[in-house]
Amino acid sequence: MLDRDLIRNHPDLVRNAIARKGLNAPIDEFLKVDVTRRQIQTDLQDKQAEMNRISKSIGMLMGQGKKDEAEAAKAQTKDLKDAISLGEGQQRELEAQLRDIELQFPNLPHDSVPNGKDETENVVVRTWGEMPTYEEQPLAHWDVADKLKLLDLPRGAKISGSGFVLYTGAGARLQRSLFSFMVDHQTTKNGYYEVYPPYLVNRASLIGTGNLPKFEEDLYKVDDDLYLVPTAEVPVTNIYRDEILNGSDLTIKLAAYSGCFRREAGAAGKDTRGVLRIHQFDKVEMVKFTKPEDSYDELESLVRDAESILQTLGLHYRVIELCAGDLGAKGAKCYDVELWSPGVGRYLEISSCSNFEAYQSRRANIRFRRAQGDKPEFVHILNGSGLACPRLFSAILETFQQPDGSILIPEALRPYVGTDRITA
RNA sequence: GGAGAGGUCGCAUAGUGGUCUAGUGCGCCGCACUCGAAAUGCGGUGAGGCGCAAGUCUCCGAGAGUUCGAAUCUCUCCCUCUCCGCCA
């Protein structure tokens, strides 16, 4: 959601910014409904004020025992009452319309975001580490996993369907180690506070983060109007929905492990092998609530926090800045961290770190007060993966495979995995 | 799942149809007193919308209804607590 005043006063600025993303928004519709709504509201309020005056006078007349005068005053209210209930109906309807329109607006890209139409125009910001070299072409993780019995893909599909993965033995242990390690890392090294959220959320939460109403088809829905979380971003961001935070408590930095559930509608045929794109996966998510003036510094450190995991594990990666056309609807600015997968032979996105500015906080109504007595302002909200487990899992299998077929476990993970090497 | 109780301005409470534009206490802010503090006294202290402004409207868990008028009455829903049942 955007600032209403901004759309009213600078519609062209909004239009142009959104065009940079290659998107559009119902700006004219917004302006039209907004004007009518305000006219009707002003008119309605005059009538309500008049009605309040009359009602109050009736109360006083009754108190003084002047029954006849009270009855006379009551008779006056008939027309007013009808007009008010008509106005209230219109007002309610227009406000609902306006809200629906508003929710369709994408966020505006930050000025620093480069132009570009799609992912081909993203910019590589930096790379870390060396691309590892091997005597022979390294195996893809699905082959490594097969040899070491770390995954049972056929049975995963039998249990739930394609895109659902059964981790087995050391594979299961490695997977469990990854998110434990990452949560510990973010809380002890980077200053995040750990939370562990519900996996089922209501519609209001999904509207708050911007997943609804637009992206319903990406989500699993269960009974009672609840949805499975596509990422911990949703429950964690909504922790403070409809709250006013103390400015002195900002920046708030939260880290959460959760399962993630995505229908991946429309992604059929893309990255289907192994664990590259699956319906259920594990992820550690970082969410920050900041003052507006701090959010871009916090975005930089958020990316660094995501990177620090890969550096600790010794995995080669690069950071790219998304161009306007690849930003998506919600983000104002976004960096992706792409992890090198030697077996697949590609860089794969493993983290996406975004500054949403006040886009989500307007939708979720999350504000802060700088000091006692100050007007509440919207916080800026950022989030980033820290990190997604399956692609980290696969990169470890591919990067650290040894000539004898075993996997050397990175130092930092050994206490969690309980061994320095996974063998057949 | 069953029975009961309850959701009021940061917290605690009052309010059961008409000066409630919601009172009081605590907390918080300002001022006074003080060398300073405590205590005390006085004043202030929610959010949102519309309006250039004066101002005005809305919000007492959410929604609908009755009424000239609803925190207060009716209905539906949500949440919390207690007891019972079931259960990881």
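Residues numbered from 1 in each chain as written. Chains lettered and ligands numbered in written order. Predicted model: local features only at pLDDT ≥ 70, side-chain atom pairs only at ≥ 80, totals over all residues. Heavy atoms only, no water.

**What about the sheet that holds strand β9 (residues 317-321)?**
- Here 8 strands make up an open sheet; going across it, the order is β1-β9-β10-β11-β14-β8-β7-β2 and the pairing mixed. Single-partner strands in this sheet number two, and they are β1 (123-128) and β2 (193-195). Along the sheet, successive strands turn relative to each other by an average axial angle of 25 degrees, direction set aside.
- Of the pairings in the sheet, the one linking β9 to strand β10 (residues 333-341) comprises 5 bridges and is antiparallel in character. By the bridge assignment, Tyr 317 is partnered in β10 with Leu 339.
- The strands touched by helix α7 (residues 169-188) are β2, β7 (252-261), β8 (280-290) and β14 (380-388); relative to β8, the strand with the most contacts, the crossing angle is about 10 degrees.
- Against the sheet, helix α10 (residues 295-313) touches β1, β7, β8, β9, β10, β11 (346-355) and β14, its axis set at about 10 degrees to β14. (Pairing = 2+ DSSP bridges. Helix = DSSP H or I, 4+ residues; strand = E, 2+ residues; numbered from the N terminus. Axes fitted to C-alpha atoms, helices over the stretch in contact; angles between N-to-C directions. Contact = heavy atoms within 4.5 Å.)

**Structural notes on α10**
- Taking 1.5 Å per residue as the helical rise, α10 with its 19 residues ought to reach 27 Å, and the 28 Å between its terminal C-alpha atoms agrees with that figure.
- Maximal helix bending in α10 amounts to about 25 degrees, located at Glu 307.
- Within the sequence span of α10, burial applies to Ser 295, Glu 298, Leu 299, Leu 302, Val 303, Asp 305, Ala 306, Glu 307, Ser 308, Ile 309, Leu 310 and Leu 313.
- Downstream of α10 by one or two residues, Gly 314 has phi in the positive range, about 75 degrees. (Expected span 1.5 Å × (residues − 1). Bend = angle between axes of the 7 residues up to and from the residue. Buried < 20%, exposed > 50% of the residue type's maximum accessible area, 1.4 Å probe, protein only.)

**Details of the pairing of strand β12 (residues 366-369)**
- Along β12, the buried face is formed by Ile 366 and Phe 368; none of Arg 367 and Arg 369, which line the opposite face, is buried.
- Pairing of strand β6 (residues 243-246) with β12, which is carried by 4 bridges, proceeds in the parallel orientation. If you follow Leu 245 over to β12, its bridge partner there is Phe 368.
- In this sheet, strand β13 (residues 377-378) lies alongside β12 in antiparallel orientation, the contact comprising 2 bridges. Paired with Arg 367 across the strands is Phe 378, a residue of β13.

**Structural notes on the domain arrangement of chain A**
- As far as domains go, chain A holds domain 1 (4-103) and domain 2 (119-422).
- A separation of 44 Å is found between the C-alpha centroids of domain 1 and domain 2.
- Residue-level contacts link 5 residues of domain 1 with 11 residues of domain 2.
- When domain 1 packs against domain 2, close to 640 Å² is buried across both sides, 52% of that on carbon and sulfur atoms.
- Linking domain 1 with domain 2 are 0 salt bridges, by the criterion used here.
- The tally of links between domain 1 and domain 2 comes to 4 residue pairs in polar contact (both at pLDDT 80 or more). (Domains from an automatic or database assignment. Buried area = accessible area lost by both parts, 1.4 Å probe. Salt bridge = Lys/Arg side-chain N within 4 Å of Asp/Glu carboxyl O. Polar contact = N/O pair within 3.5 Å; in protein donor to acceptor, adjacent residues only side chain to side chain.)

**Thoughts on the protein's contact with RNA strand B**
- As a structural note, the neighbourhood of RNA strand B is formed by 24 residues, with Gln 45, Gln 48, Arg 367, Arg 369 and Gln 372 the closest of them.
- In RNA strand B, atoms within 4 Å of the protein come 70% from sugar and phosphate.
- In this structure, a sugar or linking oxygen belonging to RNA strand B sits 2.8 Å away from a side-chain N or O atom of Gln 48.
- Between Asn 52 and RNA strand B, the recorded distance is 3.1 Å, taken from a side-chain N or O atom to a phosphate oxygen.
- Grouping the amino acids of the surface near RNA strand B by side-chain chemistry returns 5 nonpolar, 9 polar and 10 charged. (Near = heavy atom within 4 Å. Nonpolar A, V, L, I, M, F, W, Y, C, P; charged D, E, K, R; others polar.)

**Section: the packing of aromatic side chains**
- Under the definition given, this model contains 10 aromatic pairs.
- When the ring of Tyr 167 is compared with that of Phe 393, the centres are 5.2 Å apart and the planes differ by 85 degrees; the resulting orientation is edge-to-face. One end of the pair, Tyr 167, is in the loop between α6 (153-159) and α7; the other, Phe 393, is in helix α12 (residues 389-399), with 226 residues separating them in the sequence. Comparing Tyr 167 with Phe 393, the two get one shared label, buried.
- The rings of Phe 179, Tyr 196, Tyr 199, Tyr 257 and Phe 261 are connected pair by pair, giving a single aromatic cluster.
- Between Lys 253 and the ring centre of Tyr 192, over which it is positioned, the NZ or CZ distance is 4.8 Å. (Phe/Tyr/Trp six-rings, centres within 6.5 Å; stacked < 30°, edge-to-face > 60°. Lys NZ or Arg CZ within 6 Å of the ring centre and 35° of its normal.)

**Observations concerning the pattern of salt bridges**
- Counted by the stated rule, this structure contains 25 salt bridges.
- One salt bridge connects Glu 95 with Arg 37, and the closest N-O pair in it is separated by 2.6 Å. Here Arg 37 lies in helix α3 (residues 27-63) and Glu 95 lies in helix α4 (residues 67-103), a separation of 58 residues in the sequence.
- A salt bridge links Arg 126 to Glu 307; the shortest N-O distance between them is 2.5 Å. With Arg 126 in strand β1 and Glu 307 in helix α10, the pair connects residues that are 181 residues apart, well separated along the chain.
- When salt bridges with common partners are traced through the structure, they connect Arg 4, Asp 5, Arg 8, Asp 34, Arg 37, Arg 38, Glu 95 and Glu 102 into a single cluster.

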